[in-house]
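# Fold and geometry: a report
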Amino acid sequence: MAEILLETNKIIKDFPGVRALDEISFKVRENEIHALCGENGAGKSTLIKVLSGVYPTGSYEGEIILNGEKKEFANIHEAEKNGIAVIHQELTLFEELNVAENIFMGNEISHKGYMDWNEMFSQTRNWLKKLKLEGVKPSTKVGELGVGKQQLIEIAKALNKNSNLLILDEPTASLTDSEVELLIDILRDLRDEGVTCIYISHKLKEVFEIADYISVLRDGQYIGGDEKSNLSEREVVNMMVGRSIEQMFPNKSKKAGKEILRVENLNLDNNEGQQILENINFELHEGEILGIFGLIGAGRTEVANTLFGYLPGSKQGKIYLEGNEVDIRSPKEALEKGIALISEDRKRFGIIPPMSVKENISISFLEKFKNLFVIDENEEIVRTSEMVDKLRVKTASLNTKIVNLSGGNQQKVILAKNLLETPEVLIMDEPTRGIDVGAKQEIYELMNSFAENDMGIIMISSELPEVLGMSDRILVMHEGEITKEFDNRKKDISQEEIMVYATGGEMNG
Amino acid sequence: MAEKSKLKIDFRTYMMIVALVSIWIIFSFTTGGSFLSARNISNLFRQSVFTSVLAIGMVLVIIMGHIDLSVGSLVGLAGGVIAILDVWQGMNPVFSIGLTLLLGLILGLWNGWWVAYQKVPSFIVTLGGLLIFRGVLVGITRGTTIGPMSDIFYYLGKGYLADTTGVIFAVLAGLAVIFVQWKSRQDKLKYDFDVLPLKLEIAKISLSVILLVVFILVLNSYRGIPVPLMILTIFLAIFSFITSKTVFGRHIYAIGGNADAAKLSGIDLKKITLVVFMINGLMASIGGILLTSRLNAASVAAGDGAELDAIAACVIGGASLAGGIGKVGGAVVGAIVMASLDNGMSLMNVQNFWQSIIKGLILILAVWVDMYTKNKNAAA
């Protein structure tokens, strides 16, 4: 048995209103690839941030023990000095600088203030050879490399700081299959040379290919872990979801009516020519809540944005609204045709910070209460305050700036804005992200009441209980494709079934 | 949920008026009262017109979250073109003014097209415009000063409305104020919203009318309302109305507040961006006509650096360069603050270099005070 390299002892991390990590204790042995699995929001990223000093000592409870010594990291640099390096999902390279400059960023070799580029280039060449990056020169601009190669440069940068514990956060999220293979090969080589890895992923196929040991987190708790050889994919999935649907989802009485939206053979390439969506087919009925589940990068948001006319790239396929083919090229056209979208990123795409609650609600449909060019301000007050009452937005007044509201109430304002003119199709991308439980439940109740008024709702979510509790039908997406459609009217689908299709695995047991 | 209607005082606007009045009081002491003479008040407002006109256009661009550095050169070019048409070509002033305004719109379109449709940052596009327009001006005027202008331009730049005309305008404006306020009150009552008590409402309206009358009487006791001031007042009214009451105006604020969210709200970003730059081009060409009229000639250096005065006026007037915040009225008050500083310090015989230093300090101070009070409000 190898030595224990890293151990955590009852780590607790609280955010306002949420316990993100709940007494996490786990061990990583030397020279192993230790996979950390869990759904979105299970606490994986928070745990890494604790381990790597992003959350400094004192902002959490519990202990980190490295090589048998208790460690307290006040910042990222202290963690790096102790050999812990994190490769984030979002790469942190300087695209305009070359490979050598990137690898030695913040760690330059210099003599009396003069950079020793010869030495740095020669060491860079060694790293490139080690990471099988033939054809890449130390002087190559990082921006010219593909994402896969950039990832390896990032690894070289980490190893160059003498790191012996690499933490990789969803490293394959944006890699092609062959790039994934290459990465896995290299991580194995590194392991044989004495580097330990914590590998975070929810792609189980990959995890089972690469990991020596698998640990599972759920809702901020350490659920369990074992040697890979003692586990099956099925068991890991069970550990990842493992909870029953809470009783927070109200029942909806309305049955689905006639078809209002149909998507046929939708394909989407992004501006770099990469295929994002492949052959998407589905339909939506009046009064129906259609859930779309998928892990990050599965293409859910892209489906929503394409329907709403808001996505750069080239799209093929047909979209029918009430039986008529439509070509929606802008959000303006989408809104005019009765499609509304509530974006997953409220800060970036939802609220207009300097504006009041009233102005945020009315902005999409100002045309509806104008005389000639002039806004009928009285009508505006009447209509917006109706919505504020209806959705029970808690605000001091209509003139309060939206930024002074809580997250849940901001979300309700965004809802109000989209419902000011009742849409036929309401697309909600992560409708309850970042809001508290009480507000969540209110949003669920509102969704049901919209459906009962014949609205068709597409709910995109990465929270399984929400998808299972609310949807009449569920589409599961994986890597740009719909891998399965479930009929969920009886609410009898299990989380495990869905997770299997979302991770790209097959039912085998 | 009815909106409570109280006597709302917009703190920022209020602060600025207070600042302006304090500046006036200080100068009236330091200049032994000559600052507040009818003649000087008249001059002061006439001097502020040029920057005010530019600031009206600029504040729209700034609210939208962009910047326009080409304004000064555009002023020069428009001034040059109108002088060429008038002096060299002997064109009818109505046509030459029309063509110059059209030129302003087209050059604004040029700026706007690059910004809206080609996504080149407005700073770069208009920095390019600054060089291009000035270059064209030097080219077409062959570097000479062109003048003198026809008589009508003297009237536009330096003329005064006859006392009776002034009084007629004052009466019309007063009636307009009373009508608008009264109509708004009646509309609110129709909707069953709370309104101010009748007495307070009447007091409020009377106060605005009295201020208006006093102002006109002061101006008339010198030579009457300066024509450029009249022109400015008309544009101030038009653009205050557009920004605060129209859909187009609200869309400008939304784009500046959060362009991505505005787009997802169905706002046509490109079209509005284009139109706002065109409006700014139009205002700059009006500025050019007024400047050439006042100087009675066009020169290659005309309007040099005017964009910076306009930006400073907007910022002193409470606009945020981050976008989404600002008012047309604020920008004009900002321009009057700057003109007051120029005027007051000149009366005191303060040397030019000191004037520049003091104006610079006041600009920084104004923004700092604004940020400080905003932070305090946010914390409360």
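One numbering rule holds for all chains: residues counted from 1, following each sequence as written. Numbering of ligands from 1 and lettering of chains from A proceed in the order in which they are written. Under the rules for a predicted model, residues below a pLDDT of 70 receive no local features and side-chain atom pairs below 80 are neither given nor counted, while totals for whole chains, interfaces and linings still include all residues. Only hydrogens and water are removed before side-chain values are computed, so all heavy atoms of the structure are retained for them.

## Some details on the packing of helix 9 (residues 227–245) of chain B against helix 10 (residues 247–257) of chain B
When two helices pack together, their arrangement is given by the angle between the helix axes and by the axis-to-axis distance. Residue and element names in this part refer to chain B. To get an axis, fit a line to the C-alpha atoms, keeping to the stretch in contact for a helix; angles then go from 0 to 180 degrees between the N-to-C directions. Numbering of helices and strands runs from the N terminus; a helix is a DSSP stretch of H or I covering at least four residues, while a strand is a stretch of E covering at least two. Where helix 9 meets helix 10, the closest approach of the two axes is 5 Å, and the angle between their N-to-C directions is 70°. The orientation of helix 9 with respect to helix 10, classified from their angle, is roughly perpendicular. Contacts between helix 9 and helix 10 involve Ile242, Thr243 and Lys245 on the former and, on the latter, Val247, Phe248, Gly249, Arg250 and Tyr253. Roughly parallel refers to an angle under 35 degrees, roughly antiparallel to one over 145, roughly perpendicular to one between 65 and 115, and oblique to any angle outside these ranges. We call two residues in contact whenever any of their non-hydrogen atoms come within 4.5 Å of each other.

## Looking at the interface of chain A and chain B
At the junction of the two partners, chain A supplies 40 residues and chain B supplies 27 residues. What gets called buried area is simply the loss in accessible area from a 1.4 Å probe that two parts show on being joined, summed for both. For the chain A and chain B pair, buried surface summed over both sides reaches about 2,800 Å², with 61% attributable to carbon and sulfur atoms. The definition of a polar contact used here is a pair of N or O atoms within 3.5 Å, where within protein one atom must be able to donate a hydrogen and the other to accept one, and adjacent residues in sequence count solely through side-chain atom pairs. If you look at where chain A meets chain B, you find 11 residue pairs in polar contact (both at pLDDT 80 or more). If you list the elements that add at least two residues to the side of chain A that touches chain B, you get helix 10 (331–336), helix 11 (346–350), helix 12 (357–362), strand 20 (374–375) and helix 13 (377–390) of chain A. The element that contributes the greatest number of residues to the side of chain A that touches chain B is helix 13 of chain A, accounting for nine residues. Ten residue types, Ala, Val, Leu, Ile, Met, Phe, Trp, Tyr, Cys and Pro, are classed as nonpolar, four, Asp, Glu, Lys and Arg, as charged, and the remainder, Gly among them, as polar. Its residues assigned to classes, the side of chain A that touches chain B shows 20 nonpolar, eight polar and 12 charged.

## Things to note about the pairing of strand 10 (residues 196–200) of chain A
Residues and elements named next belong to chain A. Counting buried positions along strand 10 gives five out of five residues, so the element sits mostly inside the fold. At least two DSSP bridges between two strands are needed for those strands to be called paired. With four bridges joining them, strand 3 (residues 33–37) and strand 10 adopt parallel strand pairing. Residue pairing for strand 10: histidine 34 is matched across the bridge by isoleucine 198. The sheet contact formed by strand 9 (residues 165–169) and strand 10 spans five bridges and is parallel. Among the inter-strand pairings, leucine 168 is bridged to a residue of strand 10, identified as tyrosine 199. For every residue, the accessible area (1.4 Å probe, protein chains only) is compared with the maximum for its type, and the residue is labelled buried under 20%, exposed over 50%, or partly exposed between those bounds.

## Here we look at a negative patch on the surface
Each patch is assembled from residues with relative accessible area greater than 30% and no salt bridge, linking like charges that lie within 9 Å and nonpolar side chains (Val, Leu, Ile, Met, Phe, Trp, Tyr) that lie within 5 Å. Residue-level accessible areas treat just the shown protein chains as cover; the underlying method is Shrake-Rupley with a 1.4 Å probe. Each salt bridge in this description consists of a side-chain nitrogen of Lys or Arg and a carboxyl oxygen of Asp or Glu lying within 4 Å of one another. Residues scored as positive are Lys and Arg, those scored as negative are Asp and Glu, and His as well as the terminal groups of each chain are ignored. For the purpose of locating charges, the reference atoms are NZ of Lys, CZ of Arg, CG of Asp and CD of Glu. Negative charge collects at one region of the surface, where Asp177(A), Glu181(A), Asp185(A) and Glu209(A) lie side by side. If one sorts the elements of the negative patch by residue count, helix 6 (residues 177–192) of chain A sits on top with three residues.

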